[in-house]
Structure formats: C-alpha cells, structure tokens
Amino acid sequence: MSAPPTATGRARISVRTLRTDRWWLPPLVTFLGLLAFVVYGLIRTFMNQWYWVPEYHYLAPFYSPCLSTACVPGSSHWGQPAPDLGPFVPPPIFVLPFVLGFRLTCYYYRKAYYRSFWASPPACAVTEPHRRYTGETRFPLIMQNVHRYFFYAALIVAAVLTYDTVIAFRGADGGFGIGLGTLLMVVNAVLLWSYTLSCHSCRHLIGGRLTHFSKHPVRYWFWTKVTWLNGKHMVLAWSSLVSVALVDLYVLLVASGAFPDPRLLN
Ligand code: FES
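Since we're looking at a predicted model, the values are computed, not measured.

So, how was this worked out
Residues numbered from 1 in each chain as written. Predicted model: local features only at pLDDT ≥ 70, side-chain atom pairs only at ≥ 80, totals over all residues. Heavy atoms only, no water. Helix = DSSP H or I, 4+ residues; strand = E, 2+ residues; numbered from the N terminus. Buried < 20%, exposed > 50% of the residue type's maximum accessible area, 1.4 Å probe, protein only. Contact = heavy atoms within 4.5 Å. Areas by Shrake-Rupley, 256 points an atom, 1.4 Å probe, with all protein chains shown as cover. Lys, Arg positive; Asp, Glu negative; His and termini not counted. Charge placed at Lys NZ, Arg CZ, Asp CG, Glu CD. 1 Å grid on protein atoms, 1.4 Å probe; cavity = no way out; pocket = protein on both sides within 12 Å on 5 of 7 lines; lining within 4 Å. Points joined across faces, edges and corners; volume = space filled by probe spheres on them. Polar contact = N/O pair within 3.5 Å; in protein donor to acceptor, adjacent residues only side chain to side chain. Disulfide = S-S within 2.5 Å. Core = buried A, V, L, I, M, F, W, Y, C linked by side-chain atoms within 4.5 Å.

Undergrad: Would you explain the overall build of the chain in this entry?
TA: The number of helices and strands found in the chain is eight helices and four strands. Counted from the first residue to the last, the chain has its helices and strands arranged as α-β-β-α-α-α-β-α-α-α-α-β. Counting the 266 residues in the chain, one finds 38% classified as buried. The long-range fraction of contacts in the chain, counting pairs at least 24 apart against all pairs at least 6 apart in sequence, stands at 65%. Accessible surface for the chain amounts to roughly 15,300 Å². Of this, 69% is attributable to carbon and sulfur atoms. Both charge centroids of the chain, one from 22 positive and one from 9 negative side chains, sit 20 Å from each other.

Here it is in structure tokens:
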C-alpha cells in the first residue's frame, strides 16, 4: 500500500503503517456489531407486531413507551398522544430519535463509529484515508455537543423501562408472578441505568464542572461513584445494547407464540 503525501519535514515512510499486529480487527468487530444492531432495529421497528404479551405484561423495549393510537390494546401505559400514521410510521418512531440520539452522540460510540465506519483513524498510528480533517468543528458534527440533552431524555426512557419491568412481575392469573422474561427485563433495566448514569455528561453535570470539591461534599461523593461507573462506560455501552436487543427478541418470540415463557412463579 503506498503512503499518502507526507508533511514537510516528516520522515518519508512508504507504507500506511508499520504496525504488524491485527490492528484492523477491533474496528471490524465494532463495525459488524453496530451494523447487526442497526439492521435488527430497523427490521423490528417496521415489523409493527409481537411486542406485547398481555398475559404477563411484557412490553418489548423497542416499543416502549408505546404512544401511538396504532399500539395494541394494553401496551400504552402513558396514553396515546400520537396518531396512527400508517405502516411507514410505526409506534417506535416517536421515541426512536431520543434513544438513537443518545447513543449516536455518546462519547464512546463516537470513538467507535469514527474509527470503524469513517476510519478517522481506523486505529492508532494508521494513516487515515481522508485528505481533510475538521474534527467536530463544523455542521453536522458540531451538533454532537447537544449530548447532555439526550442524556436528560435517556433518564426518562430508563425510568419508563423500569416501570415496564415492575409491571412485568405478573402471573397468568393476574396476580404476582415471575417468568424468565421478568428476570431478563430486570437485568436489562439495571444495565440501562448503569450505562445512562456512567455517561460522561452525567459525570460533568453531577460534579465534574465544579472547581472546589471541598465546598460540595455531597456532589463530590456522587461524582466519585459516577467516575467509577464511567470507567466501565464502554462495557456498559455494549452490554446494554445487547441486552435491549435480546429482551426485545425474547418478547417477540413469546408474543408470537414461538417460545413459551418458562415460569418461576405463577
Ligand atoms: S457519553 Fe456515552 S452515554 Fe453519554
């Protein structure tokens, strides 16, 4: 592979990189992982069925909150303020921009897709294929700075999914019950809260922007906890992404009758 033009005064190296390890593997795995989620998300969004199990009150996370008059009976826990706009505008469309916006502007995901989708850079010490680089100084990438507002929206969505989890403790007779689906929803809610609270904007807002920690002992305490969680942000980003898709798939299988929900209680 021939080297791009070198800047004046820099050593002339005729290859793109001198790295001999498999530096292309992490961006490739990231690319395939994110692509798989996007494809699943698109199919699921436009599937527009099998997202509610009335017997056990399981609501698929992709359809929560279900705000449209097109939602199946029982699945709208927060009313139906949005109209039914036909099969090309399914119910998830009303919440998707906030959920997607949160992940798209996330500092970790930015690193992930800048590397794996845009090769900027594909890996450390590997030359980029681009001739110009303006970072996040121009439109549209300057809009990444609105991440904190998506964080506020994500707090609401996490609370909504927590409510979905609480009402999923329901048995076939209408009383208290626990099934495998309930447990999966609990794990998903914990991972979603952990991911949301480990956000870099959360760390900034909770105490990162303070100058004198000694004057704010409570915020300092919270900041130390969020900082600890923030150190696991990449792992939480992936595990919560996988858990959302898996719980959604699980509800799809139960709602469609392909898989009976194993019951632990009632
Ligand atoms: S930085 Fe990743 S969610 Fe905020």
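Undergrad: What's the story with empty space enclosed by the protein in this structure? I'm lost.
TA: Rolled over the atoms, a probe sized like a water molecule indicates the empty space that remains. Going through the model one piece at a time under the given rule, you end up with one cavity of 30 Å³ or more. Lining the largest cavity are Leu59, Ala60, Pro61, Leu161, Asp164, Thr165, Met185, Asn188, Ala189 and Val247. Elements supplying a minimum of two residues to the lining of the largest cavity: helix 4 (147-167) and helix 5 (180-197).

Undergrad: Please clarify how the side chain of Asp261 should be interpreted in this entry.
TA: Here Asp261 is to be found in the loop between helix 8 (233-256) and strand 4 (263-265). For Asp261, a relative accessible area of 8% gives the class buried. Within polar-contact distance, the side chain of Asp261 engages the side chain of Tyr58 at 2.6 Å. In terms of polar contacts, Asp261 uses its side chain to reach the side chain of Tyr250, at 2.4 Å. Among all residues touching Asp261, those that are not within four sequence positions of it are Tyr56, Tyr58, Gly179, Leu180, Gly181, Tyr250 and Val254.

Undergrad: Mind showing me how you'd approach the state of the cysteines here?
TA: Under the criterion given, the structure shown has one disulfide. The disulfide bridge from Cys66 ends at Cys71, spanning 2.2 Å between sulfur atoms. The sign of the S-S torsion, about -95°, decides the handedness of the disulfide formed by Cys66 and Cys71: left-handed. Taken as a pair, Cys66 and Cys71 share a single burial class, namely buried.

Undergrad: I tried to follow the environment of Arg138 on my own but got confused; where do I start?
TA: Topologically, Arg138 is positioned in the loop between helix 3 (107-116) and helix 4. Given the relative accessible area of 47%, Arg138 is considered partly exposed. In the structure, Arg138 is positioned 94 residues away from Lys232 in sequence and 30 Å away in space, judged by C-alpha atoms.

Undergrad: Mind showing me how you'd approach the nonpolar core here?
TA: In a soluble, globular protein the nonpolar side chains are often hidden away together inside. Formed by 26 residues in total, the largest nonpolar core has its most connected members in Tyr51, Val53, Tyr58 and Val251. Of all the secondary structure elements, the ones that give two or more residues to this core are strand 1 (52-53), strand 2 (58-59), helix 4, helix 5 and helix 8. With sequence-adjacent residues up to four places away left out, Val53 is seen in contact with Tyr58, Val251, Val254 and Ala255. In this structure, Phe151, Cys199, Leu229 and Leu241 belong to the second largest nonpolar core, which totals 19 residues.

Undergrad: Teacher, can you tell me more about the environment of Arg19 here?
TA: Among the structural elements, Arg19 can be located in the segment before helix 1 (25-47). In this structure the C-alpha to C-alpha distance between Arg19 and Ala123, which are 104 residues apart in sequence, comes to 10.0 Å. In this structure, Arg19 is in contact with Ala123, Cys124, Ala125 and Val126, ignoring residues within four places of it in sequence. Here Cys124 takes part through its backbone oxygen, which lies 2.7 Å from a polar atom of the side chain of Arg19.

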